[in-house]
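Descriptive structure summary
Listed here are the chains, written in short residue letters.
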Amino acid sequence: MTMISRRTFMLAATAVGALALAGVAIAEVPKLAQKDTYKVGFAQTESNNPWRIAQTNSMKAEAEKLGFQLVYTDAAGSAAKQVADVNSMIAQGVDVIFLAPREEKPLIPAVMAAKKAGIPVILLDRSVDPSLAKAGEDYLTFIGSNFVEEGKRVAEWLVKNANGKTKIIELEGTTGSSPANDRKKGFDEAIKAAGGFEIVASQTGDFARDKGRQVAESLLQAHPDADIIYAHNDEMAMGAIAALEAAGKVPGKDVLVLSIDGGKEAVQAVVDGKIAAVVECNPRFGPKAFETMMRYAKGEAIDPILVNEDKFYDASNAAAELANAY
Ligand code: GYE
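Position labels on residues start from 1 in each chain and follow its written sequence. Reporting in this predicted model follows two pLDDT cut-offs: at least 70 for local features of residues, and 80 or more for side-chain atom pairs to be given and counted; totals over whole chains, interfaces and linings ignore these cut-offs and use all residues. Hydrogens are left out, water is left out, and the side-chain values use all remaining heavy atoms of the structure.

Things to note about the sheet that holds strand E6 (residues 167-172)
Spelled out, the test is: One requirement defines pairing of two strands: DSSP has to find at least two bridges between them. Put simply, DSSP H or I for four residues or longer makes a helix, DSSP E for two residues or longer makes a strand, and each gets a number counted from the N terminus. Angles here are taken between N-to-C directions and fall from 0 to 180 degrees, while the axes themselves are lines fitted to C-alpha atoms, restricted in helices to the stretch in contact. By the convention used here, residues are in contact when the closest approach between their heavy atoms is within 4.5 Å.
Taken together, the 6 strands give an open sheet; going across it, the order is E7-E6-E8-E9-E10-E12, and neighbouring strands pair in mixed fashion. For this open sheet the edge positions go to strand E7 (198-204) and strand E12 (312-314), each flanked by a neighbour on one side alone. On average, each strand axis in the sheet is inclined to that of its neighbour by 15°, with strand direction left out of account. As judged from the 3 bridges shared by strand E10 (residues 277-280) and E12, these two strands associate in the antiparallel manner. The partner of Val-278 across the bridge, within E12, is Tyr-313. Along the sheet face, helix H6 (residues 178-194) touches E6, E7, strand E8 (228-231) and strand E9 (256-261) and points at about 165° away from the line of E6.

As structure tokens, this is what we get:
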């Protein structure tokens with residue numbers, strides 16, 4: 001180092017230190033050392049459906065394959081517990097945290113606490129509010145599906161295949177979660193742009209089967225002429241099918257049911273004619289999640305969003321694809 005560059009370096013280092021002391025956030029994700037093995041945290045949000053279980057299994061299988069220690073927690077559907085889970089991972093000194101944030105805002109403190117502790121965070125499957133935390137600054141990246149696109153793909157299929165049906169009940173996912181926000185946005189905007197449809201009711205079923213059934217039941221009573229149900233995930237779609245059958249309606253004939261996730265049960269329901277179409281949301285995160293972490297440790301630049309590829313199922317391919325569905 002020449003004297004001048006050494007002096008510049010010292011000044012810069014002092015400035016960063018002063019900013020940190022002043023409590024000003026430093027715009028940099030903590031580094032990850034290159035090591036033979038890692039202790040890795042995975043903070044799951046809940047385990048009440050096949051999608052979550054497939055995701056957890058994929059993460060566990062990959063950690064095992066690599067011989068990494070996995071600290072796994074399940075927040076059981078509570079954002080407060082998930083924040084506590086992340087804090088406990090920080091206390092246990094994990095090298096990196098994979099976080100599936102239940103909601104966009106309540107998990108911000110967890111992201112910031114990990115950053116402050118010098119632990120890089122990789123968001124899996126759900127994101128956080130972009131005005132409160134940023135990829136490449138507060139966390140490394142978001143790996144997951146494009147939820148706006150998923151909602152849009154459902155709407156585009158519907159516009160082509162509605163066959164005169166027009167009145168839509170929308171069952172939303174967990175309020176404040178990124179997939180619920182974006183699946184609504186993508187679908188509603190495309191439906192509005194197409195014209196000729198009406199969303200007669202839109203209410204949360206919390207991504208859960210029984211809640212979806214109850215909400216569908218009361219919305220079908222309030223809107224007996226509804227002839228389309230768009231559910232933000234398979235669980236609520238299966239709940240809606242139960243509600244329709246209990247009301248003496250035939251799913252697939254009287255009412256078209258549309259869904260997102262593409263688990264085996266839903267793809268089978270497409271084969272059976274009960275669900276009209278499903279956009280897959282790919283839950284197999286393990287290989288990409290760990291590969292991204294190791295690329296980061298090597299010093300590679302990581303894109304702020306890494307998008308998963310999703311398939312699409314309807315009557316034309318469901319039987320052939322059934323064996324590949326998770
Ligand atoms: O669709 C749903 C799950 O965040 C993409 O959450 C995920 C969603 C998925 O509980 O079934």
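Having seen the structure, we can now continue with the description.
Examining the domain arrangement of the protein chain
We apply this condition: Segment limits for the domains were obtained from an automatic or database-derived domain assignment. Defined in terms of a 1.4 Å probe, buried area is the accessible area two parts forfeit on being brought together, summed over both. Counted as salt bridges are all cases of a side-chain nitrogen of Lys or Arg within 4 Å of a carboxyl oxygen of Asp or Glu.
For the protein chain, the assigned domains are domain 1 (33-144 + 283-309) and domain 2 (147-281). Centre-to-centre separation of domain 1 and domain 2, based on C-alpha positions: 29 Å. Listed per partner, the contact involves 14 residues of domain 1 and 16 residues of domain 2. The junction of domain 1 with domain 2 conceals about 1100 Å² of combined surface from both sides, 44% of it contributed by carbon and sulfur atoms. A per-residue breakdown of the area domain 1 buries against domain 2 is headed by Trp-51, Glu-104 and Arg-126, which together make up 38% of the total. Across the contact surface, domain 1 and domain 2 share 2 salt bridges. Of the charged contacts in the structure, one is a salt bridge between Arg-102 and Asp-206, with a shortest N-O distance of 3.4 Å.

Digging into the packing of helix H2 (residues 50-66) against helix H10 (residues 286-297)
Operational definition: In this scheme, roughly parallel covers angles under 35 degrees and roughly antiparallel covers those over 145, while 65 to 115 is roughly perpendicular and the rest are oblique. Each residue gets one label: Ala, Val, Leu, Ile, Met, Phe, Trp, Tyr, Cys and Pro are nonpolar, Asp, Glu, Lys and Arg are charged, and the others, such as Gly, are polar.
In the contact formed by H2 and H10, the axes pass within 8 Å of each other and the chain directions differ by 50°. Considering their axes alone, H2 and H10 lie oblique with respect to each other. Facing H2, whose interface residues are Ser-58, Met-59, Glu-62, Ala-63 and Leu-66, H10 presents Gly-286, Pro-287, Ala-289, Phe-290 and Met-294. Grouping the constituent residues of the contact of H2 with H10 by class yields 7 nonpolar, 2 polar and 1 charged.

Description of the confidence of the model for the protein chain
In plain terms, the rule: Confidence of the prediction at every residue is given by pLDDT, a number between 0 and 100.
Looking at the protein chain, the pLDDT average stands at 94 and 92% of residues meet or exceed 70. Below a pLDDT of 50 lies the segment residues 15-22, which in the model reaches 3 contacts outside its immediate sequence neighbourhood of four places, other chains included.

Let's talk about the sheet that holds strand E3 (residues 96-99)
Spatially, E2-E1-E3-E4-E5-E11 is the arrangement adopted by the 6 strands of the open sheet, whose pairing is parallel. Each end of this open sheet is capped by a strand with a single partner; those strands are strand E2 (69-74) and strand E11 (305-307). Direction aside, the axes of adjacent strands within the sheet are offset by 20° on average. With 3 bridges joining them, strand E4 (residues 121-124) and strand E5 (residues 141-144) adopt parallel strand pairing. By the bridge assignment for E5, Leu-124 is matched with Ile-143.

Some details on empty space enclosed by the protein
As a reminder of what qualifies: Both cavities and pockets are sets of points on a 1 Å grid over the protein atoms alone; in a cavity a 1.4 Å probe fits but cannot get out, in a pocket the set is open with protein on both sides within 12 Å along at least five of seven lines, and lining residues sit with an atom within 4 Å of a point. Grid points are joined across faces, edges and corners, and a volume is the space filled by probe spheres set on the points.
One pass over the full model with this rule turns up 1 cavity of 30 Å³ or more. Each pocket or cavity is described by its volume, and for the largest cavity that value is around 120 Å³. Taken together, 13 residues line the largest cavity, and the ones lying closest to its centre are Trp-51, Arg-52, Arg-126, Arg-183 and Asp-261. Counting only elements with at least two residues in the lining of the largest cavity, the list comes to H2 and H6. Viewed by domain, the lining of the largest cavity spans two of them, domain 1 (33-144 + 283-309) and domain 2 (147-281), each represented by three or more residues.

Focus: H10
Here is the rule: Multiplying 1.5 Å by the residue count of a helix minus one yields the expected span of that helix. Residue burial is assigned from relative accessible area. The probe radius is 1.4 Å, only protein chains are included, and a residue is buried under 20% of its type maximum, exposed over 50%, and partly exposed in between. Taken from the helix axis, the directions to the C-beta atoms give the arc we talk about.
Taking 1.5 Å of rise per residue, the 12 residues of H10 would be expected to cover 16 Å, and the 17 Å separating its terminal C-alpha atoms lies within 8% of that figure. Along H10, the positions that sit buried rather than exposed are Gly-286, Ala-289, Phe-290, Thr-292, Met-293, Tyr-296 and Ala-297. Seen from one end, H10 has its buried residues packed into an arc of 155°, which puts them on one side. Count one or two residues on from H10 and you reach Gly-299, which has phi positive near 100°.

Description of the site of the ligand
What counts here: If even one non-hydrogen atom of a residue comes within 4 Å of a molecule or strand, that residue is called near it. Distance and chemistry together define a polar contact, namely a pair of N or O atoms within 3.5 Å, with one atom able to donate a hydrogen and the other to accept it when in protein, and with adjacent residues in sequence counting only for side-chain atoms on both sides. Each accessible area is a Shrake-Rupley estimate made with a 1.4 Å probe; only the visible protein chains count as cover when residues are assessed. Each molecule is assigned to a cavity or pocket provided more than half of its atoms lie within 2 Å of the corresponding grid points.
Near the ligand, the surroundings consist of Glu-46, Asn-49, Trp-51, Arg-52, Asp-125, Arg-126, Phe-147, Pro-179, Arg-183, Asn-233, Asp-261 and Cys-281. Between an oxygen atom of the ligand and a side-chain N or O atom of Arg-126, the distance comes to 2.8 Å. Asp-261 has a polar side-chain atom sitting 2.5 Å from an oxygen atom of the ligand. Across the complex, the protein chains shield 100% of the 300 Å² of accessible surface that the ligand would expose by itself. Among the cavities detected, the one that contains the ligand is the largest cavity. Those elements giving two or more residues to the shell around the ligand turn out to be H2 and H6. The class makeup of the residues in the shell around the ligand is 4 nonpolar, 2 polar and 6 charged. Among the domains, domain 1 (33-144 + 283-309) and domain 2 (147-281) are the pair contributing at least three residues each to the shell around the ligand.

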